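Structure at a glance
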Amino acid sequence: MSEPLAERLRPRSLEDYIGQQHLVGEGAVLRKMIDAGRISSFILWGPPGVGKTTLAQIIAKRLETPFYTLSAVTSGVKDVRDVIERAQKGRFFNEASPILFIDEIHRFSKSQQDSLLGAVEKGIVTLIGATTENPSFEVIRPLLSRCQLYVLKSLEKEDLQLLLERAITKDVILSQRKIELKETAAMMRYSGGDARKLLNILELVVESANSEEVVITDEMVEECLQQNPLAYDKDGEMHYDIISAFIKSIRGSDPDAALYWMARMIEGGEDPQFIARRLVISAAEDIGLANPNALLLANAAFDAVMKIGWPEGRIPLAECAVYLATSPKSNSAYMGINQALELVRKTGNQPVPLHLRNAPTKLMEDLGYHDGYKYPHDFAGHFTPQQYMPDELKDERLWHGQHSPTEEKLYERMVNYWGERYK
């Protein structure tokens, strides 16, 4: 049995590589490193089918360095350590570090990611990770800080058209048949910028034709895919544009669109836990303090999916999606923590005021630790004004209440407590 078309057409050099010119085009940042013959560890973040694995393989071939591959789906901590040990033993003095490519690195647990740290830091291996998930949420900070991050984009229409032309003229099997690309809009639409998905569609359509001459039209593609609705998504992968549309529909208070995009994910074979996780994130980020019950419901929906499984799990997920979409919105907590993180990075490790420090020893007590702290429960209303921020930041404001009935009450309470500081 021959390899799938997508595998047969996998580029073997940068010259054959399609797309991502902002990274690998002449003078681009990654291209410069490759041409120099030395690369540092990095993570490739982008939707499925845009060339993450292919790019890693091309780099390894170009640098003529050993190439090890692990899948986060099937590999454990032991597998990681075994590869690192093999890489360490097989490396010669002054030779470029072997490349360790980890597909779907976002699925690695914290302990699995921790097991990589030492090897990456010491240069035993050069890590190339590939992920469809935001690394800020899925990759531990110590590992992320040791890697460059490169964002890959969905392929443009021109890139996909070039890929189709290459497939029908250069592929050893398809080139033997007379194939005319009369219309390509349907293939483009169904592929969603995913090269692998596009080639899967092309292969399916050609195989379904009963003659040596194949004239591909939009109608032919649509008819073929209706008969094989998941054939163009064999790996059950959904694009970031689908989940993005889903979240933005919730944020934009459109329950109809939220249900539609959820149905697209369900029909495409998406992992229910993936959908549930995004609902929890949306509840905290977009609804927030305007309706704190949203986070409770999102967590309950997540638990329900875990308990009852599929297909019934679609019902609590749909209930949650509609609830979030129809809820009032606030991102004040999300904005507040982002602003706080920015302030910490800008101002460094500010000392904790003495009155806020514990004094478990006599020495600490003599140094003034805890001295002057006012216990709020000793005061009327369980509140008394005192400084909680570091001295240099005492006038900083990070949380700004937004205009929803629930949050207005919280804001009014703060004004009542702190006066001018919150006006």
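Here, every reference points to the structure presented above.
So, a few notes on the structure that sits alongside this text. The structure presented is a predicted model; accordingly, all values stated were derived computationally and were not measured.

Observations concerning the side chain of Glu 285
Looking at the element boundaries, Glu 285 is found in helix H15 (residues 272-287). Exposure remark for Glu 285: the relative accessible area of 19% places this residue in the buried category. Ignoring sequence-local partners within four residues, the contact set of Glu 285 consists of Arg 251, Ser 330, Asn 331 and Tyr 334.

Comments concerning the pairing of strand S1 (residues 42-45)
Here S1 shows two buried faces, one formed by Phe 42 and Leu 44 and the other by Ile 43 and Trp 45. Sheet topology note: the S1/strand S4 (residues 126-131) ladder contains four bridges and is parallel. When the sheet's bridge partners are listed, Ile 43 is paired in S4 with Gly 129. Where S1 meets strand S5 (residues 148-151), four bridges bridge the pair, whose relative direction is parallel. Residue pairing for S5: Trp 45 is matched across the bridge by Val 151.

As for the pairing of S4
Across the six residues that make up S4, a large majority, six, are buried. Side chains Thr 126, Ile 128 and Ala 130 of S4 all project onto a buried face; the interleaved residues Leu 127, Gly 129 and Thr 131 project onto the opposite face, where all are buried too. Strand direction decides the pairing type here: strand S3 (residues 99-103) and S4, joined by five bridges, are parallel. Its bridge partner being in S4, Phe 101 is matched across the sheet by Ile 128. Handedness of the crossover joining S3 and S4 through helix H6 (residues 110-122): right-handed.

Examining the sheet that holds S5
Taken in spatial order, the five strands of this open sheet run S2-S3-S4-S1-S5, and their pairing is parallel. Only two strands of the sheet have a single neighbouring strand rather than two, namely strand S2 (67-71) and S5. Direction aside, neighbouring strands of the sheet carry axes that sit 20° apart on average. By the bridge criterion, five bridges tie S2 to S3 in an arrangement that is parallel. By the bridge assignment for S3, Tyr 68 is matched with Leu 100. The strands that helix H4 (residues 52-63) touches are S1, S2, S3 and S4; relative to S3, the one it contacts most, it runs at about 170°.

A closer look at the packing of aromatic side chains
Tallied over the entire structure, the rule returns six aromatic pairs. Residues Phe 67 and Phe 101 carry aromatic rings whose centres are separated by 6.2 Å and whose planes lie at 20° to one another, so their mutual orientation is stacked. Of this pair, Phe 67 sits in strand S2 while Phe 101 sits in strand S3, and the two are 34 residues apart along the sequence. Taking relative accessible area as the criterion, Phe 67 reaches 27% and is therefore assigned partly exposed. Classification of Phe 101 by relative accessible area gives buried; the value is 2%. Where Phe 383 meets Trp 418, the ring centres are 5.1 Å apart and the plane angle is 80°; that geometry is what we call edge-to-face.

Points about the packing of H15 against helix H16 (residues 293-308)
With their axes 8 Å apart at the nearest point, H15 and H16 run at an angle of 175° to one another. The orientation of H15 relative to H16 falls into the category roughly antiparallel. Where H15 approaches H16, its residues Pro 272, Gln 273, Ala 276, Arg 277, Leu 279, Val 280, Ala 283, Ala 284 and Ile 287 are matched on the opposing element by Ala 294, Leu 295, Ala 298, Asn 299, Phe 302, Val 305 and Met 306. Partitioned by chemical class, the residues of the contact of H15 with H16 number 13 nonpolar, two polar and one charged.

The rules behind each value
Residues numbered from 1 in each chain as written. Predicted model: local features only at pLDDT ≥ 70, side-chain atom pairs only at ≥ 80, totals over all residues. Heavy atoms only, no water. Helix = DSSP H or I, 4+ residues; strand = E, 2+ residues; numbered from the N terminus. Buried < 20%, exposed > 50% of the residue type's maximum accessible area, 1.4 Å probe, protein only. Contact = heavy atoms within 4.5 Å. Pairing = 2+ DSSP bridges. Right-handed = clockwise from strand over helix to strand, strands pointing away. Axes fitted to C-alpha atoms, helices over the stretch in contact; angles between N-to-C directions. Phe/Tyr/Trp six-rings, centres within 6.5 Å; stacked < 30°, edge-to-face > 60°. Parallel < 35°, antiparallel > 145°, perpendicular 65-115°, else oblique. Nonpolar A, V, L, I, M, F, W, Y, C, P; charged D, E, K, R; others polar.

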